[in-house]
Amino acid sequence: MSADVLLDRDAAEIARAVNDGESTPHALAAAALARAHTHEVLNAFVTRHASADDAIAGSGTGTGALHGVPVAVKDNIATTSLSTSCGSRILKGYVSPFDATAVAKLRAAGATIIGKANMDEFAMGSSTEHSAYGPVRNPVAPGRVPGGSSGGSAAAVAAGIVPIALGSETGGSVRQPAAFCGIVGVKPTYGRVSRYGLVAFASSLDHIGVFGRTVDDAALGLGVISGVDPRDATSADVAVDDWRAHAGAERLDGIVVGVPREYFPDSLEPAMRARCDEALDRLRALGATVREVSLPHTDLAIPVYYILAPAEASSNLARFDGVRYGLRADADDLRGMYEGTRSRGFGPEVTRRILLGTYVLSKGHYDAYYRTAQAVRRRITGDFTRVFADGVHVLFTPTTPTPAFEFGAKSDPLEMYLSDIFTATANLAGVPAMSLPIGTVGGLPVGGQLLAAHFREGDMFRVAYALERAYGAEAHA
């Protein structure tokens, strides 16, 4: 079987073929790089290896679960073999002296990293229009955005360049682009995957997540990178189950699916509601019990998120000042260098969020904004805890309020922020969540979102496998 044909198979099948000698990591890397060149117009990568030889030189040597599988890594996850710019001018050309733990685990499993995926600058955005290296196009509809901030990773998977890609999430930046591009995107429980080597945006909200063409690709990739890490103090020492063991489940008898009424407002587009209703009908047909539940603090998620995330970002991004690494502006004094470096290096969206974060942390505003937001965050988390304690195994919601929008359609920052209205709660609460395709609206992909209790990714994957099988090819039609 040729490497180009094999590249269209599931990641597990690719690894089996390589282990059986039917193909080689070099051939697969060459095929993936050739596809990346063919899809250059998507602008999915900030940088990639110049040749298969270069990609293999920096890849893992193991014969593990991802042996020979080409992968893409979001440009805010540290790699020693390619630069890590975070989609920003301020870090252009910066090469990390170490690999992120997630990257090291990919290499140990035999994966081949072919490139660093384009992204909204410092992961701040919902469309990947805010990259210093230009916007990413949606492979399904090139006149529309792929979602963000992990749009480059989503586009690379949706275009068939790689079967698996790493992204990062702070408020939905894996699930939302997965929905827009018609693929699977999963965010684990906070602490399930080490954040060591993930350039921080908002440390209490950041997660590394996985894109896959199928649920099995996502489960395989997430299984490889999960686990406790002594270099990350927030990493959880919780056993990692074999989520792929649920792949054969054909029925969902005994599973209770909660439908939060707050995620189905009257303003939800009728066609989006119809796709979700169809998905719920399929879950019922598989034997699941579907019941309405309430998460009463959901409507506060966006204001809480846009207080806490900028506050943490204003602190985390203070390190980019021209002194230690990255861009340094010429100036006559230290203050001038700081101002020149940050003014030239950061784009308007990053600047906007730093200013907002500095404001809510300032004297006289801290209690009114930041402290209050933290209190409401605890209530949002409590909503999830209560629902899952009441016998619900997973929640089902739309991933996004609309399909992918056209470039420039959301010029108002607040309107852009509302793109994450159904996803930000999972980051605030730290619960696992994923998006998978459930059909199209107006010819564009839409996703259904599954959420589970902390460290209960197995429940989520069991339902996702069964629902994906029930749809077959329909979800991508």
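Keep in mind that this is a model prediction, so the values were computed, not measured.

Colleague: Help me understand the overall build of the chain, please; the structure alone is not making it clear to me.
Modeller: A tally of regular secondary structure across the chain gives 16 helices and 11 strands. A globule of 477 residues ought to have a C-alpha radius of gyration of about 23 Å, and the chain, at 21 Å, matches this closely. With the C-alpha coordinates aligned to their principal axes, the bounding extent of the chain is approximately 70 × 60 × 45 Å. The burial tally for the chain puts 60% of its 477 residues in the buried class. Approximately 17000 Å² of the chain is accessible, and the part contributed by carbon and sulfur atoms is 53%.

Colleague: Explain the sheet that holds strand S9 (residues 394–398) here, please?
Modeller: Sheet strands associate in pairs through backbone hydrogen bonding, adopting either a parallel or an antiparallel arrangement. The sheet built from 11 strands is open, its strands ordered S1-S3-S2-S4-S6-S5-S10-S11-S9-S7-S8 with mixed pairing. Sheet topology places strand S1 (45–48) and strand S8 (289–293) at the edges, where each strand pairs with a single neighbour. The average angle at which neighbouring strand axes cross in this sheet is 30 degrees, direction not considered. For strand S4 (residues 164–169) and strand S6 (residues 207–212), the ladder comprises six bridges, and the chain directions are antiparallel. Bridge pairing in S6 links Ile164 to Gly212.

Colleague: I'm lost on the pairing of strand S10 (residues 433–441) in this one. Help?
Modeller: Every other side chain in a regular strand lies on the same face of the sheet, so the side chains alternate between the two faces. Among the nine residues in S10, eight count as buried, and that is most of the element. Across three bridges, the pairing between strand S5 (residues 184–187) and S10 is antiparallel. From the neighbouring strand, Gly185 faces S10, where its bridge partner is Ser435. Here seven bridges tie S10 to strand S11 (residues 444–452), and the two strands are oriented antiparallel to one another. Counterpart to Ser435 in the pairing with S11 is Gln449. As consecutive antiparallel partners, S10 and S11 are separated by two residues, and within that stretch Gly442 has a phi angle of approximately 65 degrees, a positive value.

Colleague: Hey, could you run me through the side chain of Thr298 in this one?
Modeller: When you line up the elements, Thr298 lands in the loop between S8 and helix H10 (301–316). Its relative accessible area of 9% is what places Thr298 among the buried residues. There is a polar contact of 2.7 Å between the side chain of Thr298 and the backbone oxygen of Leu295. In contact with Thr298, other than residues within four places in its own chain, are Glu262, Tyr263 and Thr425.

Colleague: So what exactly am I meant to see when it comes to the pattern of salt bridges here?
Modeller: By the definition in use, this model includes 22 salt bridges. The shortest N-O distance in the salt bridge between Arg371 and Asp367 comes to 2.7 Å. Taken together, the residues span about one helical turn, with Arg371 and Asp367 both in helix H13 (residues 366–389) at a distance of four residues. A salt bridge links Asp459 to Arg456; the shortest N-O distance between them is 3.0 Å. Classification of Asp459 by relative accessible area gives buried; the value is 14%. One network of salt bridges, in which partners are shared, links Asp4, Asp8 and Arg35.

Colleague: Which parts of the structure should I look at to understand helix H5 (residues 101–108)?
Modeller: For H5, the complete set of buried residues consists of Thr101, Ala102, Val103, Leu106 and Arg107. Contacts made by the buried residues of H5 are with strand S2 (70–74), strand S3 (112–117), S4, S6 and helix H8 (215–225).

Colleague: Mind showing me how you'd approach the environment of Asp232 here?
Modeller: Positionally, Asp232 belongs in the loop between H8 and strand S7 (256–260). Along the backbone, Asp232 and Thr358 are 126 residues apart, and their C-alpha atoms lie at a distance of 26 Å. Beyond its immediate sequence surroundings of up to four residues, Asp232 is in contact with Val193, Ser194, Arg195 and Tyr196.

Colleague: Explanation requested: H8 in the structure shown.
Modeller: Each α-helix turn comprises 3.6 residues. Residues three or four places apart therefore point the same way. Burial within H8 is extensive, with 10 of its 11 residues counted as buried. Within H8, the full set of buried residues consists of Val215, Asp216, Asp217, Ala218, Ala219, Leu220, Gly221, Leu222, Val224 and Ile225. One or two positions beyond H8, positive phi appears at Gly227, with a value near 130 degrees.

Colleague: I keep staring at the packing of aromatic side chains and nothing clicks. Help me out?
Modeller: What describes a pair of aromatic rings is the distance from one ring centre to the other and the angle between the planes of the rings. Taken as a whole and judged by the stated rule, the model has 12 aromatic pairs. Ring centres of Phe122 and Phe346 lie 5.8 Å apart, and the angle between their planes is 75 degrees; on these two criteria the pair is classed as edge-to-face. In this pair, Phe122 sits in the loop between S3 and helix H6 (151–158) while Phe346 sits in the loop between helix H11 (334–345) and helix H12 (348–361), placing the two residues 224 residues apart along the sequence. The buried category is assigned to Phe346, whose relative accessible area is 5%. Residues Trp243 and Phe461 carry aromatic rings whose centres are separated by 5.7 Å and whose planes lie at 25 degrees to one another, so their mutual orientation is stacked. Of this pair, Trp243 sits in the loop between H8 and S7 while Phe461 sits in helix H16 (residues 457–471), and the two are 218 residues apart along the sequence. For Phe461, a relative accessible area of 0% puts it in the buried group. Among the aromatic residues, those joined into a cluster by ring pairs are Tyr94, Phe122, Phe320, Tyr325 and Phe346. Taking NZ or CZ as reference, Arg282 lies 4.1 Å from the ring centre of Tyr471, over its face.

Colleague: Would you explain the packing of H10 against H13 in this entry?
Modeller: Two numbers describe a pair of packed helices, the interaxial angle and the distance between the axes. Across the interface, H10 lies against H13 with an axial gap of 9 Å and an inter-helix angle of 125 degrees. For the element pair H10 / H13, the angle class is oblique. Relative to H13, the crossing made by H10 is left-handed. Judged by residue contacts, Ala301, Val304, Ile307, Leu308, Ala311 and Glu312 of H10 engage Tyr369, Tyr370, Ala373, Gln374, Val376, Arg377 and Ile380 from H13. Tallied by class, residues from the contact of H10 with H13 come to 10 nonpolar, one polar and two charged.

Colleague: Just checking my understanding: could you explain the nonpolar core for this structure?
Modeller: Among soluble globular proteins, nonpolar side chains are generally buried collectively. Core analysis: the largest hydrophobic core is formed by 143 residues, its most contacted members being Leu66, Phe122, Ile225 and Phe384. It is H10 that contributes the most residues to this core, 10 residues altogether. Those residues in contact with Phe122, other than ones at most four positions away along the chain, are Cys86, Ser88, Ile90, Leu91, Val199, Phe201, Leu317, Phe320, Phe346 and Val350. Listed in part, the five residues of the second largest apolar core include Phe180, Ala404, Phe405 and Met416.

Cut-offs applied
Residues numbered from 1 in each chain as written. Predicted model: local features only at pLDDT ≥ 70, side-chain atom pairs only at ≥ 80, totals over all residues. Heavy atoms only, no water. Helix = DSSP H or I, 4+ residues; strand = E, 2+ residues; numbered from the N terminus. Rg over C-alpha atoms; globule rule 2.2 N^0.38 Å. Buried < 20%, exposed > 50% of the residue type's maximum accessible area, 1.4 Å probe, protein only. Areas by Shrake-Rupley, 256 points an atom, 1.4 Å probe, with all protein chains shown as cover. Pairing = 2+ DSSP bridges. Axes fitted to C-alpha atoms, helices over the stretch in contact; angles between N-to-C directions. Polar contact = N/O pair within 3.5 Å; in protein donor to acceptor, adjacent residues only side chain to side chain. Contact = heavy atoms within 4.5 Å. Salt bridge = Lys/Arg side-chain N within 4 Å of Asp/Glu carboxyl O. Phe/Tyr/Trp six-rings, centres within 6.5 Å; stacked < 30°, edge-to-face > 60°. Lys NZ or Arg CZ within 6 Å of the ring centre and 35° of its normal. Parallel < 35°, antiparallel > 145°, perpendicular 65-115°, else oblique. Left-handed = near helix turned anticlockwise from the far one by under 90°. Nonpolar A, V, L, I, M, F, W, Y, C, P; charged D, E, K, R; others polar. Core = buried A, V, L, I, M, F, W, Y, C linked by side-chain atoms within 4.5 Å.

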